[in-house]
Amino acid sequence: MAKVKLGVKIRETGTGSLVDAVIEPVTLKDYKIIKQSTGRFNKFDWSLYKKKEVYKLRLKANTTILGLMCLIDHTDPDTNAIEIALLEVSVENIGNNKQYDYIGGCLIAFACRESFKRGHEGFVSLVPKSSLIEHYTQHYGFEYFPMQTPSRPCGLMVLYDHLARNLIMKYLSAS
Amino acid sequence: MKPQKDIEKKHTNKELAASIVFPGPQNLRDREDMLSALKEIRKRKKQEQTDDSKLIAQLLQLKFLMEDYLNDKALNQHLYFGYFLKEYIVRLEKKYKQFAEEIDVNPTELSQIINRHRNPTDKIIYRLEIHSNRNFPAIMWFRILEKQREYELMHDASIVNSEKSHVKKQLSFSL
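Definitions and limits used
Residues numbered from 1 in each chain as written. Chains lettered and ligands numbered in written order. Predicted model: local features only at pLDDT ≥ 70, side-chain atom pairs only at ≥ 80, totals over all residues. Heavy atoms only, no water. Helix = DSSP H or I, 4+ residues; strand = E, 2+ residues; numbered from the N terminus. Rg over C-alpha atoms; globule rule 2.2 N^0.38 Å. Contact = heavy atoms within 4.5 Å. Buried area = accessible area lost by both parts, 1.4 Å probe. Salt bridge = Lys/Arg side-chain N within 4 Å of Asp/Glu carboxyl O. Polar contact = N/O pair within 3.5 Å; in protein donor to acceptor, adjacent residues only side chain to side chain. Nonpolar A, V, L, I, M, F, W, Y, C, P; charged D, E, K, R; others polar. Buried < 20%, exposed > 50% of the residue type's maximum accessible area, 1.4 Å probe, protein only.

1. Concerning the overall build of chain A
Okay, step 1: Along chain A, the regular secondary structure elements total four helices and nine strands.
Okay, step 2: For chain A, the sequential pattern of α-helices and β-strands runs β-β-α-β-β-β-β-α-β-α-β-β-α.
Okay, step 3: Relative to its length of 175 residues, chain A is compact, with a C-alpha radius of gyration of 16 Å against a globular reference of 16 Å.
Okay, step 4: Each principal axis of the C-alpha atoms in chain A carries an extent, and together these give about 40 × 35 × 35 Å.
Okay, step 5: In chain A, the proportion of contacts linking residues at least 24 apart, taken out of those at least 6 apart, comes to 60%.

2. Some remarks on the interface of chain B and chain A
Reports often express the size of an interface as the amount of accessible area lost when the parts come together.
Okay, step 1: The partner chain A presents 57 residues to the 46 residues of chain B that form the contact.
Okay, step 2: Of the roughly 4,800 Å² buried between chain B and chain A, counting both surfaces, carbon and sulfur atoms make up 62%.
Okay, step 3: Linking chain B with chain A are eight salt bridges, by the criterion used here.
Okay, step 4: Here E121 of chain A makes a salt bridge to R42 of chain B, at a shortest N to O gap of 3.1 Å.
Okay, step 5: Linking chain B with chain A are 17 residue pairs in polar contact (both at pLDDT 80 or more), by the criterion used here.
Okay, step 6: Counting residues per element, the ones that place at least two in the side of chain B that touches chain A are α1 (4-10), α2 (13-19), β1 (20-21), α3 (28-48) and α4 (51-71) of chain B.
Okay, step 7: Ranked by residue count, the leading element in the side of chain B that touches chain A is α3 of chain B, at 14 residues.
Okay, step 8: When its residues are assigned to classes, the side of chain B that touches chain A shows 20 nonpolar, nine polar and 17 charged.

3. Quick look at the pattern of salt bridges
Okay, step 1: Following the criterion strictly, the structure yields 26 salt bridges over all chains and no others.
Okay, step 2: Between K45 of chain B and E143 of chain A there is a salt bridge; the shortest N-O distance is 2.9 Å. Of the two residues, K45 of chain B sits in helix α3 while E143 of chain A sits in strand β8 (residues 143-145), which places them in two different chains.
Okay, step 3: One salt bridge connects E129 of chain B with R134 of chain B, and the closest N-O pair in it is separated by 2.7 Å.
Okay, step 4: What makes E129 of chain B buried here is its relative accessible area of 18%.
Okay, step 5: Residue classification places R134 of chain B among the exposed residues on the basis of a relative accessible area of 54%.
Okay, step 6: Residues participating in the shared-partner salt-bridge network are E53, D73, R113, E114, K117 and R118 of chain A together with E67 and D68 of chain B.

4. Observations concerning unusual backbone geometry
Residue and element names in this part refer to chain A.
Okay, step 1: In the Ramachandran plot, Y102 falls in the positive-phi region, its phi being about 80° despite a non-glycine side chain.
Okay, step 2: Within the secondary structure layout, Y102 lies in the loop between β6 (100-101) and α2 (103-117).
Okay, step 3: According to the relative accessible area criterion, Y102 is partly exposed, its value standing at 28%.
Okay, step 4: A positive phi angle, near 55°, is found at D161, a position not held by glycine.
Okay, step 5: Its place among the elements puts D161 in helix α4 (residues 161-172).
Okay, step 6: The buried category is assigned to D161, whose relative accessible area is 18%.

Rendered as structure tokens:
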């Protein structure tokens, strides 16, 4: 499946206006930039994901990366899903003083769109931290499955069917 | 990279869920546990899926594939108008004859369009928009047709040359 570039809109919090942005695959050059832009993506070591399917969200007008997401495509028929393995919004866009909103939403909606496109029927999963479970549900509509084992205490969260479509409608329909 | 506890101190859980997906289990055994749980959920969801939901997923897949092809600058000889029209009909589980009746088109004409022996008329494209309840807008079909014609023009000089005898006069210089 060819990796794609998708136009999206994010919201400038100061003005409330929608701004053109793009989601596209991360290049090797981007990994250097991510490493050098100390402080903006400081939560995870993205260089460990170089060989994986990683996307960035940037403004259409410039190259500044505002969000990153790693997807894993589970193509075997029994799983048939896209897993969001990692996602990070740039530090200046987290919290009350963020410059742009909808970055995380657009990235997760993009994962849903890829899931439909690749024949996974919109099925998207992530492994939550226990403290974030209710917020993933409230914010993005993820459904929680508590199937705990000693090695996997937090269960799984999934989007599927109309929940995935809702997210695509909310974040990608303005594009 | 910041330890997870530091990240959690700096932001509220609501802010984190909107902007971050932490990595799931990393060691092989935990990951296998997670994937087998994911398969169980997937199986359950598949069993609950309605026929309508399956159809919507298939049509969304087609729509997103068409959108991506239109957003891609590259031309592909296999992705022509008739191919996408056939996919639309097949996903609806209709016979060509039945579909031709539904949009009031001669079945032979429909077959010729699908098999690339003739191009669709504007009326057929407008009817496709109406048939799909505007989920596949006419503009999308026109743009697919435009890409098909662009490919044909680039790869078949005889399309233009066949009109040579009708041109009585031509410019004598090149720009």
